[in-house]
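# A structural walkthrough
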Amino acid sequence: MTTTTITPEAKQAGDDALVFSALRASINRIDERLLQLLAERAKVATNIGLAKRVTDRPIHDAIREAEHTGQLCRLGEALGLPPRVVRDFYQVLARHGFAAQLEVRAANTSRATPPDSDGFRLARIEPGRAPTVVQVGEARIGAGLFEVIAGPCAVESEAQINLAADHARAAGVRVLRGGAFKPRTSPYEFQGHGLQGLRWLADAAHSRGMAVVTEVLDPADAQAVAEHAELLQIGARNMQNVPLLRACARTGRPVLLKRGPSASIREWLCAGEYILLEGNPNVVLCERGIRTFERETRNTLDLSSVAALRELTHLPVIVDPSHAAGRDELIPALCRAAHAVGAQGVIVEMHPCKEEALCDKRQALRPVTLRGITNELQSVAVSG
Ligand code: PEP
Ligand code: MN
């Protein structure tokens, strides 16, 4: 039988190798962490690029860069790193961030003109044409940051809309919705408080720093509504009501154009074209579900329309999952889906006391659920 004896030299060499590989493993882990941080930084840089596009700021800010480099060098020195190393490192980071921001700026401007699009030649995408950004109060819809618009289906009373506005603002909402003129399916249902409701809505929103979106039902009301609301909604039932499209367009206010329950994407774009042709460039399209054989949901949310519209039009597109789903428990998932497919935002119904809602009770979100949605999605970069 033979025995192996380990010489002290061999043992030392083995120990050294172990120490060496442990050190390598730990530096590898640090590099991996740095890479993860770099990926995280790239996402933030993209968001900064979008925020700069939203606020029309230049991509390169030499003063901020010099200040920030100075701060990093001082911190580096305190950590025992020579300024040269910090500067070299930061330059690589800055170049990377700069490229991410440039990409955001260039996004969406190189798509080809869609075929057979003469019927919506103002709405269609064209190479070199920048995406339309629609400013509504603090919100810049279409500028690349996801917007969550929320509020009750209907303005029911001054107290109700004030409470709803409190919850909406606390959740970070910038545009408050609420119906004053309600297009109800049955004439026996609550029809809204009309102009009085509009005044309550406008006071509730404006006193809290929010803008207003509300529906216009009658061309004769367009001007009066425009005096109180920053965004005029044309409801699904009225998508092809040409006198209403024109009347809303002529107020000069931005228009939120909902898709008709049985309108094709092209019919919807042609409806938007009527508004653009009046010289009003500020149109936001809103997918709110279409009528199909399905009865589990109120309507069928056609998210493929959002993806299709991104190829067809420079106009921003948002999604209304409330009227599509008809049930509040489906709405957070549909908001996520809307974001994933490239929508620029959502408009959702929220009631401060769901059980008491006079209108669309089943689909009303509770304030806490709205807050979950805004926490997750408000101002997040639009995908695609
Ligand atoms: C609404 O948003 O209040 C509404 C009535 O929606 P739609 O026109 O999509 O049915
Ligand atoms: Mn409703």
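Residues numbered from 1 in each chain as written. Chains lettered and ligands numbered in written order. Predicted model: local features only at pLDDT ≥ 70, side-chain atom pairs only at ≥ 80, totals over all residues. Heavy atoms only, no water.

### A look at the coordination of the manganese ion (ligand 2)
Octahedral metal centres with six donors ideally show angles of 90 or 180 degrees, and tetrahedral centres with four donors ideally show 109.5 degrees. Around the manganese ion (ligand 2), the protein contributes the donor atoms Cys153 (SG), His323 (NE2), Glu349 (OE) and Asp360 (OD), at 2.0 to 2.4 Å from the metal centre. Positions of the donor residues of the manganese ion (ligand 2), expressed as sequence spacing, correspond to C-x169-H-x25-E-x10-D. Residue His323 is located in helix α10 (residues 321–325), and its partner Glu349 is located in strand β10 (residues 345–349); the two are separated by 26 residues in the primary sequence. Like His323, the residue Glu349 is buried in the burial classification. (Donors = N, O, S within 2.8 Å, 3.2 Å for Na, K, Ca; no water. Helix = DSSP H or I, 4+ residues; strand = E, 2+ residues; numbered from the N terminus. Buried < 20%, exposed > 50% of the residue type's maximum accessible area, 1.4 Å probe, protein only.)

### A few points about the nonpolar core
Ranked by size, the top nonpolar core spans 69 residues in total, and within it Leu257, Leu285, Val348 and Leu370 carry the most contacts. No other element matches helix α8 (residues 265–277), which puts six residues into this core. Counting residues in each nonpolar core, the second largest holds 14 residues, with Ile141, Leu231, Val284 and Ile318 among its members. (Core = buried A, V, L, I, M, F, W, Y, C linked by side-chain atoms within 4.5 Å.)

### Points about the site of ligand 1
Surrounding ligand 1, one finds Arg177, Lys182, Glu215, Gln233, Gly235, Ala236, Arg237, Lys258, Arg288, His323 and Glu349. A distance of 3.0 Å separates an oxygen atom of ligand 1 from a polar atom in the side chain of Lys182. Considered on its own, ligand 1 offers 290 Å² of accessible surface; in the complex 97% of this is hidden by protein. Split by residue class, the shell around ligand 1 holds one nonpolar, three polar and seven charged. (Near = heavy atom within 4 Å. Polar contact = N/O pair within 3.5 Å; in protein donor to acceptor, adjacent residues only side chain to side chain. Areas by Shrake-Rupley, 256 points an atom, 1.4 Å probe, with all protein chains shown as cover. Nonpolar A, V, L, I, M, F, W, Y, C, P; charged D, E, K, R; others polar.)

### Observations concerning unusual backbone geometry
At Asp360, a residue that is not glycine, the phi angle is positive and equals roughly 50°. With respect to the helices, strands and loops of the structure, Asp360 is situated in the loop between β10 and α12 (367–377). Here the phi dihedral of Ser379 falls at roughly 70°; this positive angle occurs in a residue that is not glycine.

### Re helix α11 (residues 331–341)
Every buried residue belonging to α11 is among Ile331, Pro332, Leu334, Cys335, Ala338 and His339, and all of these are buried. Along the long axis of α11, the arc covered by the buried residues comes to 165°, so they all point the same way. Elements that come into contact with the buried residues of α11 comprise α9 (303–312), β9 (317–319), α10, β10 and α12. In the stretch just after α11, Gly342 is the one whose phi turns positive, near 105°. (Arc of directions from axis to C-beta. Contact = heavy atoms within 4.5 Å.)

### Regarding the side chain of Arg140
Assignment of secondary structure puts Arg140 in strand β2 (residues 139–141). Taking relative accessible area as the criterion, Arg140 reaches 18% and is therefore assigned buried. Contacts of Arg140, omitting those with residues within four sequence positions, involve Arg53, Val54, Thr55, Asp56, Val133, Val134 and Gln135.

### Digging into the pattern of salt bridges
For the structure on display, the rule yields 20 salt bridges. For the salt bridge of Glu126 with Arg124, the shortest nitrogen-to-oxygen distance reads 3.1 Å. Its relative accessible area of 14% is what places Arg124 among the buried residues. Put simply, Glu376 and Arg336 hold a salt bridge, and the shortest N to O gap is 2.7 Å. (Salt bridge = Lys/Arg side-chain N within 4 Å of Asp/Glu carboxyl O.)

### Section: the pairing of strand β6 (residues 231–234)
Remark: a regular strand shows side chains that alternate across the two faces of the sheet. Of the two faces of β6, the one holding Leu231 and Gln233 and the one holding Leu232 and Ile234 are both buried throughout. Note: strand β5 (residues 211–215) against β6, three bridges, orientation parallel. The residue of β6 that forms the bridge with Val213 is Leu231. Both β6 and strand β7 (residues 255–258) contribute to a ladder of three bridges, which runs parallel. Directly across from Gln233, in β7, lies its bridge partner Leu256. Handedness of the crossover joining β6 and β7 through helix α7 (residues 242–250): right-handed. (Pairing = 2+ DSSP bridges. Right-handed = clockwise from strand over helix to strand, strands pointing away.)

### Some words on the domain arrangement of the chain
Here the chain is partitioned into domain 1 (11–102) and domain 2 (118–377). Taking the mean C-alpha position of each, domain 1 and domain 2 sit 42 Å from one another. Taken together, the six residues of domain 1 in the interface contact five residues of domain 2. Both faces combined, the contact of domain 1 with domain 2 buries some 490 Å², and carbon together with sulfur accounts for 58% of it. Interface area lost by domain 1 to domain 2 is led by Leu50, Arg53 and Val54, which between them contribute 86%. Taken together, domain 1 and domain 2 are joined by zero salt bridges. Run the count over domain 1 and domain 2 and you get zero residue pairs in polar contact (both at pLDDT 80 or more). Partitioned by chemical class, the residues of the side of domain 1 that touches domain 2 number three nonpolar, one polar and two charged. (Domains from an automatic or database assignment. Buried area = accessible area lost by both parts, 1.4 Å probe.)

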